[in-house]
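Spelled out, the chains give:
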Amino acid sequence: MHFPGQLTSVGDISREQWEQRWTEMRQCPDTYYVIIIEDTTVPGGKVIGAATLVRERKFIHTCGSVGRLEDVVVSDEYRGKQLGKLAVSTASLLAVKLGCYKVTLNCNDRMIKFYASLGYKSEDGNSNYMCIRVQH
C-alpha cells in the first residue's frame, strides 16, 4: 500500500520492519482490524484505500470495549467515489458487531463535515481533543 503524503508521515521503513510490526499486531488477537479496499479491475489488484479499527478493552461499562477509528485513507486518484464512506461505515459496523459501546476518532478540521455526515459528532461537554506529541 503506497499513499505518499496522503495520510501522514510514514518514514523510511524496510520490508523487515513492516513485517515485524504486522507480526506484533497479529499477536494481539481481536484488537487490530485493518480494512482494505482493492481495485480488482487492475491486473494483480491494487490497494486504493484502507482504515483501521483498534478495539480497546475497558474496565468501565461492564468491561466493555471502545472502537478507535484510525488511518482512514483513499488514494487521490480514487477519491469522490464514496470509498472513504465505505471504509468508515465498514469499520463502524464492525465495531458494533464486536460489542463496542462507542467508536472514537480524531480528524483535522477539514474532515469534520465528512465524519459528521456518517453520524460522528463531538460529545456535549467533551468536545476537546488533547494530546502530547512526543519527538523522537
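Use the structure listed above.
The rules behind the values
- Residues numbered from 1 in each chain as written.
- Predicted model: local features only at pLDDT ≥ 70, side-chain atom pairs only at ≥ 80, totals over all residues.
- Heavy atoms only, no water.
- Core = buried A, V, L, I, M, F, W, Y, C linked by side-chain atoms within 4.5 Å.
- Buried < 20%, exposed > 50% of the residue type's maximum accessible area, 1.4 Å probe, protein only.
- Helix = DSSP H or I, 4+ residues; strand = E, 2+ residues; numbered from the N terminus.
- Pairing = 2+ DSSP bridges.
- Salt bridge = Lys/Arg side-chain N within 4 Å of Asp/Glu carboxyl O.
- Expected span 1.5 Å × (residues − 1).
- Contact = heavy atoms within 4.5 Å.
- Phe/Tyr/Trp six-rings, centres within 6.5 Å; stacked < 30°, edge-to-face > 60°.

A. Examining the nonpolar core more closely. If you look at the biggest cluster of nonpolar residues, it comprises 19 residues, and the most contacted ones within it are Leu69, Val72, Leu83, Val88, Tyr115 and Tyr120. Broken down by secondary-structure element, the contributors of at least two residues to this core are strand 1 (32-39), strand 2 (46-57), strand 3 (65-74) and helix 3 (83-97).

B. Local environment of the pairing of strand 2. Pairing analysis gives 8 bridges linking strand 1 to strand 2, with the strands arranged antiparallel. Along strand 2, the bridge assignment pairs Ile36 with Ala50. Between the antiparallel neighbours strand 1 and strand 2 lie 6 residues, among them Gly44 with a positive phi of about 80 degrees. The sheet contact formed by strand 2 and strand 3 spans 8 bridges and is antiparallel. For Thr52, the partnering residue across the bridge sits in strand 3 and is Glu70.

C. Summary view of the pattern of salt bridges. The final tally for this structure, using the stated rule, is 6 salt bridges. Of the charged contacts, one joins Glu19 and Arg15 as a salt bridge, the two residues approaching to 2.9 Å between their closest N and O atoms. Of this pair, Glu19 and Arg15 both sit in helix 1 (residues 15-26), 4 residues apart, roughly one helical turn.

D. Representation of helix 3. In this model, helix 3 (15 residues) spans 21 Å end to end at C-alpha, consistent with the 21 Å of a helix rising 1.5 Å per residue. Along helix 3, the residues that are buried comprise Leu83, Gly84, Ala87, Val88, Ala91, Ser92 and Ala95. Elements in contact with the buried residues of helix 3: strand 1, strand 2, strand 3, strand 4 (100-104) and helix 4 (112-116). Of the residues flanking the end of helix 3, it is Gly99, one or two places downstream, whose phi is positive at about 85 degrees.

E. Molecular detail of the packing of aromatic side chains. Throughout the structure, instances matching the rule amount to 3 aromatic pairs. Taking 5.7 Å as the distance between ring centres and 15 degrees as the angle between the ring planes, the aromatic pair formed by Trp18 and Trp22 counts as stacked. Taken together, the residues span about one helical turn, with Trp18 and Trp22 both in helix 1 at a distance of 4 residues. Relative accessible area serves as the criterion here: at 43%, Trp18 is assigned to the partly exposed category. Given the relative accessible area of 35%, Trp22 is considered partly exposed. Pairing Tyr115 with Tyr120 gives two aromatic rings, centres 6.2 Å apart and planes at 85 degrees, and the pair type is edge-to-face.

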